[in-house]
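# Residue-level structure breakdown
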Amino acid sequence: MIPKQVKIVEVGPRDGLQNEATPIHHDDKLALIDGLADAGLRAIEAGSFVNPKWVPQMAGSGDVFAALQRRPGVVYSALTPNLRGFEQALAAGVDEVAVFAAASEGFSRKNINCSVAESLQRFEPVMVAASAAGVPVRAYVSCVIACPYDGRIDASNVLNVTRALLDLGCYEVSLGDTVGQATPADTRRLLDTLLSAVPVGQLAAHFHDTYGQALANTLVALDYGIATIDSSVAGLGGCPYARGASGNLATEDLVYMLNGMDIEHGVNLDKLIAAGNRISAALGRRNQSKVAQALTPPPAG
Ligand SMILES: CC(C)(COP(=O)([O-])OP(=O)([O-])OC[C@H]1O[C@@H](n2cnc3c(N)ncnc32)[C@H](O)[C@@H]1OP(=O)([O-])[O-])[C@@H](O)C(=O)NCCC(=O)NCCSC(=O)C[C@@](C)(O)CC(=O)[O-]
């Protein structure tokens, strides 16, 4: 049954910006995060504590967290691949962290330099430390439909990794269609398998829009009762280890659809579009959201 209320997890400042070729000014990151919070987003992935040699755009995440104007009720989170990343995130004052695994061996090796089984072992000390510090841990599974290295992925692989992450103590697993190849039929097949064994309240949807399918797939996820949807303002993003993959579902497009379906989400569309247009201008490109394009007046003259 379609949920009456949806939690939007805004991943633009992390998933969105991590793949940008040109350096992004610290102040632009802060303005983006604050603009998103001002628009009503209550879960914002603001950075990531990974090796800066591998993902240079996230190198300043500690500084970003230190300088955030925290708004009450907003959860500011970060990616942490291992204990070292978690310790840095904790020192930076994150409210929540996310560990990230993959449903394919090829992507796991390229992305985090270890096998899927090894990645789960690396998360064990993170879970212990997070529990001791009272920090909730979310998880991602990448490549839930297809992998740029291993091809099509069997839903049983996704189920096994999802279960392992929940068994470790993650409160939720976000299902990442990293390369954006899923069609609604693929999403249905995946969710039929997953929901035979995992409660719907422990799953979130994370679709990239490379093939223009993200909103259609999100609608399928909502239809299956998934009430947490990841999206990225202005459709920012991509993954450094999935060449050619484009940004996430644009938050503006998601909000517009939810408005039309009378599903509560708490986000002001006008303020969201303004935040998306600001970061797009800072990056020297057009806002990739169709809704933002439709609702933004063309420049005068
Ligand atoms: C995971 C590691 C760190 C393992 O990297 P590794 O090479 O296996 O780690 P290591 O323990 O062998 O250490 C190697 C070097 O990394 C350093 N190191 C070790 N840990 C850290 C850390 N936490 N922060 C900073 N530095 C770290 C460590 O100090 C050492 O430095 P060196 O001595 O060479 O100078 C590395 O592979 C890495 O940083 N990978 C980047 C992964 C990444 O950020 N990918 C993009 C995000 S995932 C994504 O976008 C998908 C998602 C979530 O959105 C969902 C979807 O759409 O699919």
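Keep in mind that what you see is a predicted model, and the values were worked out from it rather than measured.

### Description of the packing of aromatic side chains
- Counted according to the given criterion, the structure contains 1 aromatic pair.
- When the centroid spacing of 6.0 Å and the interplanar angle of 40 degrees are considered together, the rings of Phe 49 and Phe 65 count as tilted. Pair noted here: Phe 49 is in the loop between strand 2 (43–48) and helix 3 (61–67) and Phe 65 is in helix 3, with a separation of 16 residues, a long-range link. The pair Phe 49 / Phe 65 is uniform in exposure class, with both members buried.
- The cationic tip of Arg 14 hangs over the ring face of Tyr 140; the distance from NZ or CZ to the ring centre is 5.6 Å.
- The side chain of Arg 138 reaches across the aromatic face of Tyr 140, ending 5.3 Å from its centre.

### Looking at the site of the ligand
- Close contacts around the ligand come from 28 residues, with Asn 51, Arg 84, Asn 111, Ser 142 and Thr 178 the closest.
- One nitrogen or oxygen atom from the main chain of Phe 49 is found 3.0 Å from a nitrogen atom belonging to the ligand.
- Measuring from an oxygen atom of the ligand, one finds a side-chain N or O atom of Lys 53 at 3.0 Å.
- In the complex, the protein chains occlude 78% of the 1,100 Å² of accessible area that the ligand would expose alone.
- Judged by the proximity of its atoms to the pocket grid, the ligand belongs to the largest pocket.
- Elements with a minimum of two residues in the shell around the ligand: helix 1 (12–16), helix 4 (83–92), helix 5 (105–112) and strand 5 (137–142).
- In terms of residue count, helix 4 provides more of the shell around the ligand than any other element does, 3 residues in total.
- Here the residues of the shell around the ligand sort into 12 nonpolar, 11 polar and 5 charged.

### Things to note about unusual backbone geometry
- Here Asn 113, not a glycine, exhibits a phi torsion of approximately 65 degrees, which is positive.
- By the secondary structure assignment, Asn 113 is in the loop between helix 5 and helix 6 (116–133).
- The phi dihedral of Cys 143 is positive, around 60 degrees, even though this residue is not glycine.
- Mapped onto the elements of the fold, Cys 143 is located in the loop between strand 5 and strand 6 (146–147).
- A relative accessible area of 0% places Cys 143 in the buried class.

### Some points on the pairing of strand 10 (residues 228–231)
- Across the two faces of strand 10 the burial is the same, with Thr 228 and Asp 230 and Ile 229 and Ser 231 all buried.
- Inspection of the sheet shows strand 1 (residues 7–10) paired to strand 10 by 4 bridges, in the parallel sense. By the bridge assignment for strand 10, Glu 10 is matched with Ser 231.
- The parallel pair strand 9 (residues 203–207) and strand 10 is bridged by helix 9 (residues 214–223), and the resulting crossover is right-handed.

### Some remarks on the layout of surface pockets
- If you add up the space inside the largest pocket, you get close to 730 Å³.
- Along the walls of the largest pocket sit 36 residues, with Val 50, Asn 51, Pro 81, Phe 100 and Ile 112 positioned nearest its centre.
- For the lining of the largest pocket, the secondary-structure elements that each account for two or more residues are helix 1, helix 3, helix 4, helix 5 and strand 5.
- The volume enclosed by the second largest pocket comes to roughly 250 Å³.

### Some words on empty space enclosed by the protein
- If you walk through the whole model with that rule in mind, you get 1 cavity of 30 Å³ or more.
- Taken as a whole, the largest cavity holds about 40 Å³ of empty space.
- As for the largest cavity, its lining consists of Val 144, Leu 175, Asp 177, Thr 187, Leu 190, Leu 191, Ala 205, Phe 207, Ala 221 and Ile 226.
- Contributions of two or more residues to the lining of the largest cavity are made by strand 8 (172–177), helix 8 (184–194) and strand 9.
- Classifying every residue of the lining of the largest cavity gives 8 nonpolar, 1 polar and 1 charged.

Procedures and definitions
- Residues numbered from 1 in each chain as written.
- Predicted model: local features only at pLDDT ≥ 70, side-chain atom pairs only at ≥ 80, totals over all residues.
- Heavy atoms only, no water.
- Phe/Tyr/Trp six-rings, centres within 6.5 Å; stacked < 30°, edge-to-face > 60°.
- Helix = DSSP H or I, 4+ residues; strand = E, 2+ residues; numbered from the N terminus.
- Buried < 20%, exposed > 50% of the residue type's maximum accessible area, 1.4 Å probe, protein only.
- Lys NZ or Arg CZ within 6 Å of the ring centre and 35° of its normal.
- Near = heavy atom within 4 Å.
- Polar contact = N/O pair within 3.5 Å; in protein donor to acceptor, adjacent residues only side chain to side chain.
- Areas by Shrake-Rupley, 256 points an atom, 1.4 Å probe, with all protein chains shown as cover.
- 1 Å grid on protein atoms, 1.4 Å probe; cavity = no way out; pocket = protein on both sides within 12 Å on 5 of 7 lines; lining within 4 Å.
- Sits in = over half its atoms within 2 Å of the grid points.
- Nonpolar A, V, L, I, M, F, W, Y, C, P; charged D, E, K, R; others polar.
- Pairing = 2+ DSSP bridges.
- Right-handed = clockwise from strand over helix to strand, strands pointing away.
- Points joined across faces, edges and corners; volume = space filled by probe spheres on them.

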